[in-house]
Amino acid sequence: MSTRTALLPKKYHDAVVRWRETFLPDFDYLLDNWDKHFPKEPRFELCAYREMGMCSEVECGDLQGKPKPTRAADLPEEAAHHLYGAIRAQASTEFGSIQQHRLTLSRAQDEQEQIWILRMMAEELRHGYQMLHLLSEDEDWAALSGHTTSDAIEDILSMTTGSHLLSAFNIDFDSFVDNVTFCALIDRVGKYQLAMQKVSAYQPMAESMPQMLREEAFHLAAGVVPMRRWATEAAKGEVYVSMEMMQKAVNKWLPRGLEMFGDERGGGTNVRLGLKPMKNAEAQQQYYDEVVKLVKDVDMRYVRARLPELSMPEAKDVVERVLAGDVVRGIKPEDLIRVPAMDFFRRRGVPAFRMMGVDGESFDELDDYLRHLRGQLPESYLAGVDFRDFVHALRQVDGGELTVADAVSQMPQLRRVAGSCPCSKSVRWVVDDPAHVSGGLSQPPSP
Amino acid sequence: MTSDATATEVKIRPMDELDIGDIVAIDEKIGGEYRPDVWESRATYYLRRDPDGSLVAEVDGEVVGFMLGEVRSGEFGLDETTGWIDQLGVDPEARGQAIGRRLAAGMMEHFRGRGATSVRTLVDEERDDVRSFFDSLGFEPSTLRPFVKKL
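Because the structure is a prediction, the values reported are computed rather than measured.

Draft legend 1. Quick peek at the overall build of chain A. In terms of regular secondary structure, chain A is built from 17 helices and 4 strands. Taking all 447 residues of chain A together, the buried fraction comes to 47%. Sequence separation of 24 or more characterises 72% of the internal contacts of chain A that already satisfy a separation of 6 or more.

Next up, the structure:
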């Protein structure tokens, strides 16, 4: 298979470059140090890549076997609307992730870890660019959506943390541990989405995925490898990143990752329309199983560093016994990382606003549950807006003032925000959703 | 690219970052040395360069072999696009199932897809097992010879 490159029309390309100058100011540093850290590797290029020679027939769903449309107008209307939402959501996550990473990038203690994240950010920018290219290249999207291409691109580039489509991209990072854990857990969800979109019934979307997947493979490593290294250092008594810090970061991000798959009961429409090969629950379970493996590997790294005289099978036995609750050769359960239960700290999907603990235990009393959460989540996150908004909604659900469905709708989601977009010369103000607002623009919740 | 085969179900798939632990374990079984740092660096390098170009073999969900490589051109006077097999290992307990051969087949299919017209590797002449493996795949000694100078 071969790949061809394409650029956005100049005004949109320039808009992305201006966006990059605001939100990725270290981009030039990346290019200046490219050869030092990535010798002989192709230099980063801001462009769209389209894989040639891919399957040209619909691979799943009601239209399986039929030629894949190359224009949005040739898609069934329902599929086109689903896909338009998916492209916007994908673009939003890519730009949103850069906005999250940038504020704590400078806090990295290790130069290599930092440059890996910086490269990842540049590639996420390219992924966002790829999605904008899909919207601009096919003129049918404007007619189908009722928004001009210019409006659609401006809308996406105007989003800031707090307004992105998926709630994981509306949560601020508190330290570089978040940068790394986000790569390990949230980029992992991205990998699933990209892999599922690779069989999209819309040929341009399918052709966009292979290069994004190749780049995403490194992004996951940029999360997993530092976690493994930190576990080793923690085992040797180093004072920087502890296993407890990583545990709390996993507790913070895994629930958001699980929710990115959508409601556990859903996904059938995307399968029927040929846009994805798997329903939400199946994809979510596979993702969870991967996280279990990831965490087990990190725990093994810890045990082997702490007890280097052990063989691999002996270390595996120690991990299993400690996770089961034993203290083995001085290693306590709290020294290792555990994967939270799937229902823990959830605010979307089937378990939304259930008071479920990190080990799957159920809480009857709100105050007991909040005390439990305080012990399981990073301190800096507890002091933030996102946690405050969640607790506020949970209190209302517990008090019968709000249904779960209404509480779910209050959680961070798409809203158009005011701001000057790099691709227009004017400030654009839009009406906010009159429901509760958060993300830096919020009013304190009513008592 | 994945493939399933024969009496023992051997699945060949691209390596990912979650395979690092298994690769470390196989390497330790072969060489007796625990080297997680080495494989973390190597795996990350290959995932950056060409994540589809390095493969692992799975039997019953367990990784039992790996082969890491990539397509390169323009080095050592070789202008032709060349696939390189750089690292390989098969769990000693899983030998006899043609795992190395299946991995090599997968790598060569990928190299062809990337436009490679030949595939190369470097073999330590003191490793008869590795040499006979590549002989069995049809590799031949090359006129391009490795030279070394200690600094």
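Draft legend 2. Broad picture of the overall build of chain B. Check the secondary structure of chain B and you find 4 helices and 5 strands. In sequence order, chain B lays out its α and β elements as β-α-α-β-β-β-α-β-α. The globule rule puts the C-alpha radius of gyration for 151 residues at 15 Å, and the 15 Å found for chain B is close to it. Each principal axis of the C-alpha distribution contributes one length, and for chain B these read about 45 × 35 × 30 Å. Relative to its 151 residues, chain B shows a buried fraction of 38%. Pairs at least 24 apart in sequence give 58% of the contacts found in chain B among residues at least 6 apart.

Draft legend 3. Quick peek at the interface of chain B and chain A. Between chain B and chain A, the contact holds 17 residues from the first and 19 residues from the second. Of all the elements in the fold, those that place two or more residues in the side of chain B that touches chain A are helix H1 (20–31) and helix H2 (36–49) of chain B. Counting residues per element, the side of chain B that touches chain A draws most heavily on H2 of chain B, which supplies 7 residues. Looking at the side of chain B that touches chain A residue by residue, the classes come out as 7 nonpolar, 3 polar and 7 charged.

Draft legend 4. Up close: the sheet that holds strand E4 (residues 82–90) of chain B. All names here are of chain B. Read across the open sheet, the 5 strands follow the order E1-E2-E3-E4-E5; overall the sheet is mixed. Of all the strands in the sheet, just strand E1 (10–14) and strand E5 (118–120) have a single pairing partner and so form its edges. Shown here is a sheet whose adjacent strand axes are inclined to one another by a mean of 25°, direction ignored. Bridge count between E1 and strand E2 (residues 55–59): 5 bridges; the pairing is antiparallel.

Draft legend 5. Structural view of the nonpolar core. Core analysis: the largest hydrophobic core is formed by 128 residues, its most contacted members being Leu83, Leu132 and Ala221 of chain A together with Phe66, Met67 and Leu103 of chain B. When residues of this core are assigned to their parent elements, the largest contribution, 15 residues, is made by helix H9 (residues 203–235) of chain A. The contact partners of Leu103 of chain B, leaving out residues within four places of it in the chain, are Ile12, Leu55, Ala57, Gly65, Met67 and Leu88 of chain B. In terms of nonpolar packing, the next biggest core, distinct from the first, is built from 7 residues, Phe345, Met355, Met356 and Leu373 of chain A among them.

Draft legend 6. Layout of the packing of helix H8 (residues 176–197) of chain A against H9 of chain A. All names here are of chain A. Where H8 contacts H9, the two axes come as close as 8 Å, and the packing angle between them is 160°. Accordingly, the angle class assigned to the pair H8 and H9 is roughly antiparallel. Once H8 is placed against H9, the crossing between them reads as left-handed. Counting all contacts with H8, which are made through Val180, Thr181, Cys183, Ala184, Asp187, Arg188, Gly190, Lys191, Leu194, Ala195 and Gln197, the residues of H9 involved are Met205, Met209, Met212, Leu213, Glu216, His219, Leu220, Ala222, Gly223, Val224, Pro226 and Met227. Of the residues assigned to the contact of H8 with H9, the class counts are 14 nonpolar, 5 polar and 4 charged.

Draft legend 7. Fine view of the environment of Val350 of chain A. All names here are of chain A. Topologically, Val350 is positioned in the loop between helix H13 (312–323) and helix H14 (366–376). Since 12 C-beta atoms lie within 10 Å of it, Val350 is described here as exposed. Counting along the chain gives 91 residues from Val350 to Glu259, while the straight-line C-alpha distance between them is 9.7 Å. Setting aside chain neighbours within four positions, we find Val350 in contact with Asp263, Glu264 and Arg265.

Draft legend 8. Region of the structure containing unusual backbone geometry. Residue and element names in this part refer to chain A. Positive phi is not limited to glycine here, since Lys40 has a value of about 65°. With respect to the helices and strands, Lys40 occurs in the loop between helix H3 (34–37) and strand E2 (48–51). Not every positive phi belongs to a glycine, and Arg329 is a case in point at roughly 50°. The topology assignment puts Arg329 in the loop between H13 and H14.

Draft legend 9. Region of interest: the confidence of the model for chain A. All names here are of chain A. For chain A, the mean per-residue pLDDT works out to 87, and 89% of the residues sit at or above 70. Mean pLDDT across the elements of chain A bottoms out in strand E4 (residues 427–428) (26) and peaks in H14 (98). Confidence drops under a pLDDT of 50 for residues 414–447, and excluding neighbours within four residues, the segment shows 57 contacts in the predicted structure.

Draft legend 10. The environment of Thr181 of chain A, seen in detail. Residues and elements named next belong to chain A. Relative to the helices and strands, Thr181 is located in helix H8. By C-beta crowding, Thr181 is classed as buried, having 27 other C-beta atoms within 10 Å. For the pair Thr181 and Leu254, spaced 73 residues apart in the sequence, the C-alpha separation amounts to 9.3 Å. For Thr181, the residues in contact, after removing those within four places along its chain, are Gly223, Met246, Ala249, Val250 and Trp253.

Draft legend 11. Representation of the packing of helix H4 (residues 77–102) of chain A against helix H5 (residues 111–137) of chain A within the structure. Residues and elements named next belong to chain A. Where H4 contacts H5, the two axes come as close as 8 Å, and the packing angle between them is 155°. When the interaxial angle is binned, H4 and H5 end up roughly antiparallel. In terms of crossing hand, the pair formed by H4 and H5 is left-handed. On the side of H4, the interface is formed by Ile87, Gln90, Ala91, Glu94, Phe95, Ser97, Ile98 and His101, while H5 contributes Ile117, Met121, Glu124, Leu125, His127, Gly128, Met131, Leu132, Leu134 and Leu135. Classifying every residue of the contact of H4 with H5 by side-chain character gives 11 nonpolar, 5 polar and 2 charged.

About the thresholds
- Residues numbered from 1 in each chain as written.
- Chains lettered and ligands numbered in written order.
- Predicted model: local features only at pLDDT ≥ 70, side-chain atom pairs only at ≥ 80, totals over all residues.
- Helix = DSSP H or I, 4+ residues; strand = E, 2+ residues; numbered from the N terminus.
- Buried ≥ 20, exposed ≤ 12 C-beta atoms within 10 Å, placed from the backbone.
- Contact = placed C-beta atoms within 7 Å.
- Rg over C-alpha atoms; globule rule 2.2 N^0.38 Å.
- Nonpolar A, V, L, I, M, F, W, Y, C, P; charged D, E, K, R; others polar.
- Pairing = 2+ DSSP bridges.
- Axes fitted to C-alpha atoms, helices over the stretch in contact; angles between N-to-C directions.
- Core = buried A, V, L, I, M, F, W, Y, C linked by C-beta atoms within 7 Å.
- Parallel < 35°, antiparallel > 145°, perpendicular 65-115°, else oblique.
- Left-handed = near helix turned anticlockwise from the far one by under 90°.
- pLDDT = per-residue confidence, 0-100.

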